[in-house]
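Working through the structure, step by step
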Protein chains: 2
Amino acid sequence: MSQTTVSAPAPDSALRTRLLRESMSSRAKAVEATIDQLLPPAAGAEGRVVEAMRYATLGGGKRLRGYLAAEVASLFGVDPARFNRVAASVEMLHAYSLVHDDLPAMDDDDLRRGQPSTHRKFDEATAILAGDALQTMAFEILSDAATHSDAAIRIGLVSALAAASGAAGMVGGQMIDMAGEGRALSLPEVERLHALKTGCLIRYAAESGAILGDADLSLRTRIAAYGHDLGAAFQIADDVLDATASAEELGKTAGKDEAAGKSTYVALLGVEGAAREARRVAERAQAYLDCFGAEADRLRDLIQYVVDRRS
Amino acid sequence: MSQTTVSAPAPDSALRTRLLRESMSSRAKAVEATIDQLLPPAAGAEGRVVEAMRYATLGGGKRLRGYLAAEVASLFGVDPARFNRVAASVEMLHAYSLVHDDLPAMDDDDLRRGQPSTHRKFDEATAILAGDALQTMAFEILSDAATHSDAAIRIGLVSALAAASGAAGMVGGQMIDMAGEGRALSLPEVERLHALKTGCLIRYAAESGAILGDADLSLRTRIAAYGHDLGAAFQIADDVLDATASAEELGKTAGKDEAAGKSTYVALLGVEGAAREARRVAERAQAYLDCFGAEADRLRDLIQYVVDRRS
């Protein structure tokens, strides 16, 4: 019996993969519709920046962060009208960081999801302002999301605070990332870089769902730890993809990390070693969900999805 | 009797000017100390961005926005420990907008308060990230400022919302400003531009003090309207200064508006006409304070200060 046959997904696994994809696609549509509704129409003299905000946020994509926020909130019985707004604000924070990271002064990336990055589609000034305004709007939505009861207000505030730590992490991580170009970082340094740059926001996305659901501290902590490790697995898999996938598969320039002399998991551990590390972290993420039943299966399958993805 | 003698300040007016300057200087010191305490030390791999955040916020300056927040809060009996944090967050929002506006892709300004602007002192990427992180931190402080009682939480939230509208205004205003370069804007267009670009945040600064003081809606609205007109008078005076003062007096490049083909109050109304307009708006700002007694004298004198300043 060949190895391929041994590791082929069981029918149950194929079904779960399909269910996850359907769930992601349906939640992504709801988040996209919410973003569309929250962003003002692109009118008036300042219309160009609103157009760029719409371009940067409404271009589709996996919506991993929004999905996490929505799926975790749903696990805790939160109403979709409430979690979709928070999921939208998380996606806005993510989009703001991508728009700024792609700028010529930063990673100088011309492509994003196979389309011109925001500063290439518009111009640098508009891209800077659109990113700025997306961050503002994310916090505005989080504040506004909580105006009905005292409990909801408290939830909104804590949520905004957690978002702030997620957003602050992105800046610190990007700074380390750029400072590290051309210099070999150690594995702990690379781990810290990614924990800040992408990990903080993915962790927050998961945690925001638990906050909205008023989860007790122990469950909230487990969900946050799950989000942290999911984010780490995602990032390691990203490094592997950058080294092995084509630009067409990625929808962005491939092999950029190596060209920029960036220290990646692949540079430190090799492709095979990095893939092994991704699986190790993924298993740790699974363990944080042990206290949940079948209702957390989508979150479990999401870990495998993140490690196995080809784009 | 010469005109100079007629308009010379009465002894009472000279005393009030001195009291205002002392009050501004003392509140600026308290806000500066609060910012210094709130910003993390510049350590670790991401230290450079923190250094830039400190550079952009701790360089002194008039602290008009922080002063407004603190002075209005004080008028409503708020404790300094509470209003200094909010004043610090308003100054962080202001600093973030200046750092981004100075960028090469935006106004391309090399000088700010007589010192190299942040991207000249550091680099573009660091300046973009420092601005991003200052905005994040401002919202973090506003959220965190309110964790003790339900009333305080509500206040914090409303305050964050108002800050968001101030921050969103800055982006819209900057976009119109750049889109308008080389094209003649009408007076209503210029008024709208400035109402967004500088007016929203100055208005919010004043309003935040009233929010912290739990002022009733009618007083809060009057304070916000005062802030709005103070901001407008400030901007018109700024246009007059740009056209008439030296770079040394300004601490930044002079005559830049005309060189950039920007539509200013001076371009539309002439130096004399613009100065007259500043006085007219200043009188309207005064009227909003009629319901207050001598305890609002500093806020009254601030209007005159803003119109008369030479830097």
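All values derive from a computational prediction rather than experimental measurement. (Residues numbered from 1 in each chain as written. Chains lettered and ligands numbered in written order. Predicted model: local features only at pLDDT ≥ 70, side-chain atom pairs only at ≥ 80, totals over all residues. Heavy atoms only, no water.)

Observations regarding the overall build of chain A
Looking only at helices and strands, one finds 14 helices and two strands in chain A. Evaluated residue by residue, chain A yields a buried proportion of 56% over its 311 residues. Partitioning the contacts of chain A with sequence separation of at least 6, the portion at a separation of at least 24 is 76%. Approximately 12,700 Å² of chain A is accessible, and the part contributed by carbon and sulfur atoms is 52%. (Helix = DSSP H or I, 4+ residues; strand = E, 2+ residues; numbered from the N terminus. Buried < 20%, exposed > 50% of the residue type's maximum accessible area, 1.4 Å probe, protein only. Contact = heavy atoms within 4.5 Å. Areas by Shrake-Rupley, 256 points an atom, 1.4 Å probe, with all protein chains shown as cover.)

Observations concerning the pattern of salt bridges
For the coordinates displayed, the defined rule picks out 32 salt bridges over all chains. Arg-54 of chain A serves as the salt-bridge partner of Asp-36 of chain A, at 2.0 Å between the closest nitrogen and oxygen. With Asp-36 of chain A in helix α2 (residues 11-38) and Arg-54 of chain A in helix α3 (residues 47-57), the pair connects residues that are 18 residues apart, well separated along the chain. The class of Asp-36 of chain A is partly exposed, set by a relative accessible area of 38%. Across the pair Arg-220 of chain B and Glu-207 of chain B runs a salt bridge, and its minimum N-O distance is 2.9 Å. Of this pair, Arg-220 of chain B sits in helix α10 (residues 217-244) while Glu-207 of chain B sits in helix α9 (residues 187-212), and the two are 13 residues apart along the sequence. Via salt bridges that share partners, Arg-16, Asp-297, Arg-298, Arg-300 and Asp-301 of chain A belong to a single interconnected network. (Salt bridge = Lys/Arg side-chain N within 4 Å of Asp/Glu carboxyl O.)

A look at the packing of helix α5 (residues 80-101) of chain A against helix α9 (residues 187-212) of chain A
Residue and element names in this part refer to chain A. At their nearest, the axes of α5 and α9 sit 10 Å apart, and the two run at 170° to each other. Taken as axis vectors, α5 and α9 run roughly antiparallel relative to one another. On α9, the residues touching Arg-82, Phe-83, Val-86, Val-90, Leu-93, His-94 and Asp-101 of α5 are Lys-197, Leu-201, Tyr-204, Ala-205, Ser-208 and Leu-212. Residues that form the contact of α5 with α9 fall into these classes: eight nonpolar, two polar and three charged. (Axes fitted to C-alpha atoms, helices over the stretch in contact; angles between N-to-C directions. Parallel < 35°, antiparallel > 145°, perpendicular 65-115°, else oblique. Nonpolar A, V, L, I, M, F, W, Y, C, P; charged D, E, K, R; others polar.)

Regarding the confidence of the model for chain A
Residues and elements named next belong to chain A. The share of residues in chain A with pLDDT of 70 or more is 85%, and the mean pLDDT across the chain is 85. In the model of chain A, helix α1 (residues 3-7) stands out as the element of lowest mean pLDDT, 42, in contrast to helix α6 (residues 118-121), which has the highest, 97. In the model, residues 1-7 has pLDDT below 50 throughout and makes one contact with residues more than four positions away in sequence or in other chains. (pLDDT = per-residue confidence, 0-100.)

Considering helix α13 (residues 265-287) of chain A
Quick reminder: α-helices carry 3.6 residues per turn. Residues three or four places apart thus point the same way. Residue and element names in this part refer to chain A. In this model α13 runs just 23 Å from its N-terminal to its C-terminal C-alpha over 23 residues, more than 12% under the 33 Å that 1.5 Å per residue would give. Among all positions in α13, only Tyr-265, Val-266, Gly-273, Ala-274, Ala-275, Glu-277, Ala-278, Val-281, Ala-282 and Ala-285 are buried. Near the N-terminus of α13, the side chain that reaches the backbone nitrogen of Val-266, with its oxygen 3.3 Å away, is that of Thr-264. (Expected span 1.5 Å × (residues − 1). Polar contact = N/O pair within 3.5 Å; in protein donor to acceptor, adjacent residues only side chain to side chain.)

Quick word on the packing of aromatic side chains
Under the definition given, this model contains five aromatic pairs over all chains. It is Arg-65 of chain A that lies over the ring of Phe-234 of chain A; its NZ or CZ is 5.7 Å from the centre. (Phe/Tyr/Trp six-rings, centres within 6.5 Å; stacked < 30°, edge-to-face > 60°. Lys NZ or Arg CZ within 6 Å of the ring centre and 35° of its normal.)

Regarding unusual backbone geometry
Residues and elements named next belong to chain A. Here Asp-108, not a glycine, exhibits a phi torsion of approximately 50°, which is positive. Examined against the element boundaries, Asp-108 turns out to sit in the loop between α5 and β1 (111-112). A relative accessible area of 41% places Asp-108 in the partly exposed class. You will see that Arg-113, though not glycine, has its phi angle at about 50°, which is positive. For Arg-113, the location among the structural elements is in the loop between β1 and β2 (115-116).

What about the environment of Phe-83 of chain B?
By secondary structure assignment, the location of Phe-83 of chain B is in helix α5 (residues 80-101). In this structure, the C-alpha to C-alpha distance between Phe-83 of chain B and Glu-71 of chain B, residues 12 residues apart in sequence, is 9.0 Å.

Looking at the environment of Gly-77 of chain B
Along the chain, the position of Gly-77 of chain B falls in the loop between α4 (64-75) and α5. For the pair formed by Gly-77 of chain B and Ala-210 of chain B, sequence separation is 133 residues and the distance between their alpha carbons is 9.8 Å.

Section: the environment of Asp-132 of chain B
All names here are of chain B. The topology assignment puts Asp-132 in helix α7 (residues 124-144). The exposure class assigned to Asp-132 is buried, which follows from its relative accessible area of 1%. Residues Asp-132 and Ser-97 lie 35 residues apart in sequence; the distance between their C-alpha atoms is 9.3 Å.

Concerning helix α4 (residues 64-75) of chain A
Residue and element names in this part refer to chain A. Compared with an ideal rise of 1.5 Å per residue, which puts 12 residues at 16 Å, α4 spans 16 Å between its outermost C-alpha atoms and is within 8% of the ideal. Judged by how many residues are buried, α4 sits mostly within the fold: 11 of 12 residues are covered. Inspection of α4 places Leu-64, Arg-65, Gly-66, Tyr-67, Leu-68, Ala-69, Ala-70, Glu-71, Val-72, Ala-73 and Leu-75 among the buried residues, and these make up the whole buried set.

Some words on the packing of α4 of chain A against α5 of chain A
Residues and elements named next belong to chain A. Where α4 contacts α5, the axes come no closer than 8 Å and their chain directions differ by 155°. Between α4 and α5, the interaxial angle falls into the category roughly antiparallel. Crossing of α4 against α5: the hand is right-handed. Of α5, the residues touching α4 (which contributes Leu-64, Arg-65, Gly-66, Ala-69, Ala-70, Ala-73 and Ser-74) are Phe-83, Ala-87, Val-90, Glu-91 and His-94. Here the contact of α4 with α5 is composed, by residue class, of seven nonpolar, three polar and two charged. (Left-handed = near helix turned anticlockwise from the far one by under 90°.)

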